[in-house]
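Architecture at a glance
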Amino acid sequence: MYKVLIVDDEKNIRERLVTSFPWNETGFQVIGSASDGQKALELIEQHVPHVVLTDIRMPEMNGLELAKAIQETYPHIKVLILSAYDDFKYAQDAIRFGVKGYLLKPVMKDEIVDVMSGLAIELKKDEEIEYGKKIGIPGAREESMLIDLVKGENVNQYDEPWLRDYMRIIVCSFGKWFEKDLGLFIRSFITERTMVYWKESHTPVLFYGNQLVLFAHDTRPISKYDLKGRLEDYFELLKASIMSGFGKECELSISVGNMIKEPDQISTSFNQAVYAISYRYFDDHHSILFYQDLLVAGSDEHAKEQANEHLNIIMDRLMQSVLSRQNNEISSSLRDFFDAVEQGKRLKIEEIRIAFSEVILSLPLKAKEKGLPMPSLDKKQALEFIHAAHSLGDLKKWLKQTIERILDAPVEESDKNRYVQLAKQHVHNRYSEKITLEDMAGQLFIHPAYFSSIFKKETGHNFIDYVNEVRVRKAVELLKHNDCKIKDISVMVGFPTHSYFNKIFKKVMGVKPLVFRSNHTC
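Residues numbered from 1 in each chain as written. Predicted model: local features only at pLDDT ≥ 70, side-chain atom pairs only at ≥ 80, totals over all residues. Heavy atoms only, no water.

Section: the overall build of the protein chain
Looking only at helices and strands, one finds 21 helices and 10 strands in the protein chain. Per-residue burial for the protein chain yields a buried fraction of 49% across its 522 residues. Residue pairs in contact within the protein chain that sit at least 24 positions apart in sequence constitute 69% of those at least 6 positions apart. Carbon and sulfur atoms form 49% of the exposed surface of the protein chain, whose accessible area is close to 26,200 Å². (Helix = DSSP H or I, 4+ residues; strand = E, 2+ residues; numbered from the N terminus. Buried < 20%, exposed > 50% of the residue type's maximum accessible area, 1.4 Å probe, protein only. Contact = heavy atoms within 4.5 Å. Areas by Shrake-Rupley, 256 points an atom, 1.4 Å probe, with all protein chains shown as cover.)

Right under this line is the structure:
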């Protein structure tokens, strides 16, 4: 069993990863967990894990600082990033620190299985190579060299002529059929087909983890357009060969790092290609992705804000067209919506999921506002699909089909929603306790976004505003008929801090608690 350390400052996520994920299935055991990078380094020193799975944003020492420290002191430890912050600026730092993979919150079980199984195979391969070098197995030195190059280790000891060429690292990533160890026969089959195809260019080939790595090199600079045609032909050949040899369809993604000239930059091109794989979500065909194309994502906050405003307008137009059943307008709005969510890959994957969720959750509410009939939707099933979809292409196809079913289905009258009454009752009974929108939605077994929408529609208030108003009303009673200190009253009615209590009280009542008590006591 290989050892993994979990690092995340969110306790519920950390505990869920430790206890709910079947680590044994991927060949790992959890040796501990930490809430920040500093505590993680202490555990690393004690247990020396094989893999560290870490969030990016944490107190004391964040995930990128942790990755850098690990690279400097424990270069053999593989670091895996887990974060909701999948913008390009984080990736650039992570690539420099040799991060092995990227998982975006909310993470799905099969995504972790895929990455961790691959890392287990890499670790096994490292052990096999070291053993092979010791006993002199033919080919072990070359394979060891290629592994060192992608890891950025011992680079100066190799002097092969092709290392003086221009180079791009190509990574081929296989789908669910290859989720676990490919097996020697399948790996040999793929390697053989690959070596035959790239024979003329003498391209070295390495199976590392569940990924096939190609070292494309040439005495002349290698542009994207030099490679694209060859990769497209190779892509089709490999898929056809797998279908012919094994009778199974294989999801295949090919990603390409930037061109480099020096051997010590090979690991950077490799890590760029690995990062580019995470963007296969945006590719309808899971085909060929170049890291250089991701630069358009950038970090222009003003442009992103404008894009989000445009997306909101398009979403409203789409929902209005569905409710009015204007087929031509629906087709046009769908196209505009799909274009808007892609928008140069500026949106994070989670933001895309939220946009699709909002369309589905808001449609019934907007229908009710307008007094229009609307067929019922299985919201739980819809949200599960949105978060489990492996690509934007799958999501686009699903939304189109869902809207078609809405238009074709016999319309039923919506049942009166009782969630709001249950939530209000809970607030009046538990106002002194910690109450969040997410916890309330969890107790009602509905999605937080859906609960927030229906609560505001029924009451005219945001849920947290309603909770605070109930607490203030309870505080008013205590201020009138109780001699307790105002600070103690704020705690009694559930406010986390005295300053926050003062702020909300004045917002609701127009005066601060002290003034209110002075005006209502003899």
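Let's pick the thread back up.
Some points on unusual backbone geometry
Residue Val48 is not a glycine yet carries a positive backbone phi of 45°. Within the element layout of this structure, Val48 appears in the loop between α2 (37–47) and β3 (51–55). Backbone geometry places His202, a non-glycine residue, at a positive phi of 55°. Position of His202 among the secondary structure elements: in the loop between α7 (184–197) and β7 (205–208).

A word on the nonpolar core
Nonpolar side chains in soluble globular proteins tend to be buried together. Within the largest apolar cluster, 62 residues are counted, with the highest numbers of intra-cluster contacts made by Ile44, Leu66, Ile70, Phe337, Phe356 and Leu399. It is helix α12 (residues 349–369) that contributes the most residues to this core, eight residues altogether. Not counting residues up to four positions away in its chain, the partners in contact with Phe337 are Leu311, Ile314, Met315, Leu318, Ala355, Phe356, Val359 and Leu399. Counting 25 residues, the second-largest nonpolar core is a separate cluster that includes Ile170, Tyr234, Leu238 and Val256. (Core = buried A, V, L, I, M, F, W, Y, C linked by side-chain atoms within 4.5 Å.)

Focus: the pattern of salt bridges
In the structure shown here, the tally under the stated rule is 10 salt bridges. Linking Lys151 and Glu153 is a salt bridge whose minimum nitrogen-to-oxygen distance equals 3.8 Å. Given a relative accessible area of 21%, Glu153 falls into the partly exposed group. Note that Asp218 is salt-bridged to Arg220, the shortest N-O span being 3.9 Å. Taken together, the shared-partner salt bridges in this structure form one network comprising Arg317, Glu329 and Asp336. (Salt bridge = Lys/Arg side-chain N within 4 Å of Asp/Glu carboxyl O.)

Quick look at the environment of Leu365
Locating Leu365 in the fold gives a position in helix α12. Excluding anything up to four places from it in sequence, Leu365 contacts Ser453 and Ile454.

Structural notes on the environment of Met1
Counting through the fold element by element, Met1 comes out in the segment before β1 (2–7). Residue classification places Met1 among the exposed positions, given a relative accessible area of 58%. Between the C-alpha atom of Met1 and that of Thr26, which follows or precedes it by 25 residues, the distance is 9.0 Å. Ignoring sequence-local partners within four residues, the contact set of Met1 consists of Asn24, Gly27, Phe28 and Gln29.

Remarks on the sheet that holds strand β8 (residues 211–218)
Overall, mixed pairing links the five strands, which are arranged β7-β8-β6-β9-β10 in an open sheet. Edge positions in the sheet fall to β7 and β10 (288–290), since each of these pairs with one other strand and no more. Strand-to-strand, the axes of this sheet are offset by a mean angle of 20°, without reference to chain direction. Relative to β8, β7 runs antiparallel, the two being bridged by four bridges. Pairing of Leu206 across the sheet is with Val213, part of β8. Of the strands in this sheet, β6 (166–174), β8, β9 (252–256) and β10 are in contact with helix α9 (residues 266–277), which crosses β6 at around 35°. (Pairing = 2+ DSSP bridges. Axes fitted to C-alpha atoms, helices over the stretch in contact; angles between N-to-C directions.)

Description of the packing of helix α11 (residues 327–342) against helix α14 (residues 392–408)
Between two packed helices, both the angle of their axes relative to each other and the distance between the axes serve to describe the pair. Running from N to C, α11 and α14 cross one another at 155°; their axes reach a closest spacing of 12 Å. In this view, α11 runs roughly antiparallel relative to α14, as classed from their interaxial angle. Read as a crossing pair, α11 and α14 show a hand that is right-handed. Facing Asn327, Ile330, Leu334, Phe337, Phe338, Val341 and Glu342 of α11, the residues of α14 in contact are Leu392, Lys396, Leu399, Lys400, Ile403 and Leu407. (Parallel < 35°, antiparallel > 145°, perpendicular 65-115°, else oblique. Left-handed = near helix turned anticlockwise from the far one by under 90°.)

Comments concerning helix α8 (residues 224–246)
In this model α8 runs 32 Å from its N-terminal to its C-terminal C-alpha over 23 residues, within 8% of the 33 Å that 1.5 Å per residue would give. The set of residues buried in α8 consists of Lys224, Leu227, Leu231, Tyr234, Phe235, Leu238, Ser241 and Ile242. (Expected span 1.5 Å × (residues − 1).)

Some points on the packing of aromatic side chains
Counted by the stated rule, this structure contains 17 aromatic pairs. Summarising the aromatic geometry, the rings of Phe338 and Phe356 are spaced 6.4 Å apart at their centres and angled 15° between planes, so their arrangement reads as stacked. In this pair, Phe338 sits in helix α11 while Phe356 sits in helix α12, placing the two residues 18 residues apart along the sequence. Like Phe338, the residue Phe356 is buried in the burial classification. Positioned above the aromatic ring of Trp198, the side-chain terminus of Arg230 is 4.5 Å from the ring centre. (Phe/Tyr/Trp six-rings, centres within 6.5 Å; stacked < 30°, edge-to-face > 60°. Lys NZ or Arg CZ within 6 Å of the ring centre and 35° of its normal.)

Some points on the pairing of β1
Taking burial as the measure, the six residues of β1 include five buried ones, the bulk of the element. Both β1 and strand β2 (residues 28–34) contribute to a ladder of six bridges, which runs parallel. The residue bridging Leu5 from the neighbouring strand is Gly32, located in β2. When β1 meets β3, the two strands line up parallel, connected through four bridges. Residue Val4 lies in a different strand from β3, and its bridge partner there is Val51.

Keep in mind these values describe shape, not function.
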